[in-house]
Amino acid sequence: MHPTGLTADNARVQRVSNFDELLRTRFENGVNALCWERRLDGDFEEVIRKLKLEGGINPLDEEELESLELSEAGKKAVEQMLSDMRKLRSLGLAPELNGVIGYERDDDPGLLRTDVYSFHADRATDEADTWLCTYLGPSSEGLKNEEALRHIDDPETRAMLLDDYGGKDDEGFAEYLADYCYDLHYAPRPGAEVYSFGVWNLWRIAVDYPGCPVPPCIHRAPDSLPGDPSRLLLIA
């Protein structure tokens with residue numbers, strides 16, 4: 001078993017060996033996720049202990065991290081995270097580093113669950129991609145496209161949404177689905193195997209935008225359980 005939980009037959013994911021390769025490799029031939037598998041030095045648990053995190057998503061900035069009183073191992077962990085942040089900023093991206101103690105969940109999802117715990121794809125109006133790294137805690141999870149079914153392609157679900165819209169399957173219905181992001185959420189097919197993004201690995205994944213040469217990468221935040229460690233997550 002690889003650290004990411006990937007198997008050799010996962011044709012949607014391509015491994016790379018460094019940051020430059022991660023940046024320059026094209027999404028093609030069905031590959032919609034690139035993974036730089038790596039092992040990072042440092043005590044990330046010490047960092048999370050020293051931070052005064054509240055529930056939900058806590059944005060972390062350089063000044064806050066550099067002001068923490070840490071051991072050398074803790075300082076090394078901060079250096080690793082800030083190095084990734086600076087690399088992504090140099091590309092013109094706007095990376096965010098978050099301490100996460102649970103995400104907002106659709107306790108009453110209404111017609112269809114659309115929180116980050118649901119398998120989903122990201123969307124953009126122009127060419128773009130998403131970068132992800134979990135430094136601590138449960139990592140993001142992925143689902144191969146051929147093992148996923150869009151909720152709106154399930155006849156019963158589509159009929160329910162169409163009834164809520166007003167019963168007419170027209171251009172307005174497509175806009176309704178997009179407005180509520182119903183068209184971006186998926187269910188695993190029977191027998192589907194969820195794979196883990198793993199800890200420390202830096203990922204670049206394809207999003208849904210006009211003209212994208214591959215299907216978007218389907219992923220979700222991991223379900224958090226009582227007693228699970230807080231997450232340190234980089235996203236851009």
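Just so we're clear, the structure is a prediction, and the values are computed from it rather than from any experiment.

Asker: If you had to explain the overall build of the chain to someone new, which residues and values would you point to?
Answerer: On a plain count of helices and strands, the chain comes out with six helices and 12 strands. In terms of C-alpha radius of gyration, the chain reaches 19 Å, essentially the compact-globule figure of 18 Å for 236 residues. Dimensions of the chain along its principal axes, counting C-alpha atoms only, are 60 × 40 × 35 Å. Of all 236 residues assigned to the chain, the portion counted as buried reaches 44%. Counted over contacts in the chain with a minimum sequence separation of 6, partners at least 24 positions apart contribute 76%. Here the chain displays about 12500 Å² of accessible surface, and carbon together with sulfur accounts for 47% of that area. Distance from the positive charge centre (25 side chains) to the negative charge centre (47 side chains) of the chain: 6 Å.

Asker: Which residues make up the sheet that holds strand E6 (residues 141-143), and what values do they have?
Answerer: Strand order across the open sheet formed by three strands is E9-E6-E11, with antiparallel pairing between neighbours. In this open sheet, the two edge strands, each paired with only one partner strand, are strand E9 (195-196) and strand E11 (218-220). Both E6 and E9 contribute to a ladder of two bridges, which runs antiparallel. Bridged to glycine 142 within E9 is tyrosine 195.

Asker: Give a detailed account of the nonpolar core, specifying residues and quantitative values.
Answerer: Soluble globular proteins tend to pack their nonpolar side chains together in the buried interior. Residues Phe44, Val47, Leu65, Tyr135 and Leu232 are the most contacted members of the largest nonpolar core, which totals 36 residues. Elements supplying a minimum of two residues to this core: helix H1 (19-24), strand E2 (33-36), helix H2 (44-50), helix H4 (72-89), strand E5 (129-136), strand E10 (202-206) and strand E12 (231-235). Here this core takes six residues from H4, the largest share from any one element. Setting aside chain neighbours within four positions, we find valine 47 in contact with Leu65, Leu68, Leu70, Gly74, Ala77, Val78 and Met81. By size, the runner-up hydrophobic cluster in this structure holds 10 residues, among which are Cys35, Tyr195, Trp203 and Cys217.

Asker: Tell me what's going on with empty space enclosed by the protein, and back it up with residues and numbers.
Answerer: The final tally for this structure, using the stated rule, is one cavity of 30 Å³ or more. Computed from the structure, the largest cavity encloses a volume of approximately 40 Å³. What lines the largest cavity is Leu132, Cys133, Thr134, Ser140, Phe197, Gly198, Asn201, Trp203 and Leu233. Its residues assigned to classes, the lining of the largest cavity shows five nonpolar, four polar and no charged.

Asker: Let's hear about the layout of surface pockets: which residues, and what values?
Answerer: In this structure, the largest pocket occupies an estimated 280 Å³ of space. For the largest pocket, the full set of lining residues is Leu23, Arg24, Thr25, Arg26, Phe27, Glu127, Ala128, Asp129, Arg204, Tyr209, Cys212 and Pro213. Partitioned by chemical class, the residues of the lining of the largest pocket number six nonpolar, one polar and five charged.

Calculation notes
Residues numbered from 1 in each chain as written. Predicted model: local features only at pLDDT ≥ 70, side-chain atom pairs only at ≥ 80, totals over all residues. Heavy atoms only, no water. Helix = DSSP H or I, 4+ residues; strand = E, 2+ residues; numbered from the N terminus. Rg over C-alpha atoms; globule rule 2.2 N^0.38 Å. Buried < 20%, exposed > 50% of the residue type's maximum accessible area, 1.4 Å probe, protein only. Contact = heavy atoms within 4.5 Å. Areas by Shrake-Rupley, 256 points an atom, 1.4 Å probe, with all protein chains shown as cover. Lys, Arg positive; Asp, Glu negative; His and termini not counted. Charge placed at Lys NZ, Arg CZ, Asp CG, Glu CD. Pairing = 2+ DSSP bridges. Core = buried A, V, L, I, M, F, W, Y, C linked by side-chain atoms within 4.5 Å. 1 Å grid on protein atoms, 1.4 Å probe; cavity = no way out; pocket = protein on both sides within 12 Å on 5 of 7 lines; lining within 4 Å. Points joined across faces, edges and corners; volume = space filled by probe spheres on them. Nonpolar A, V, L, I, M, F, W, Y, C, P; charged D, E, K, R; others polar.

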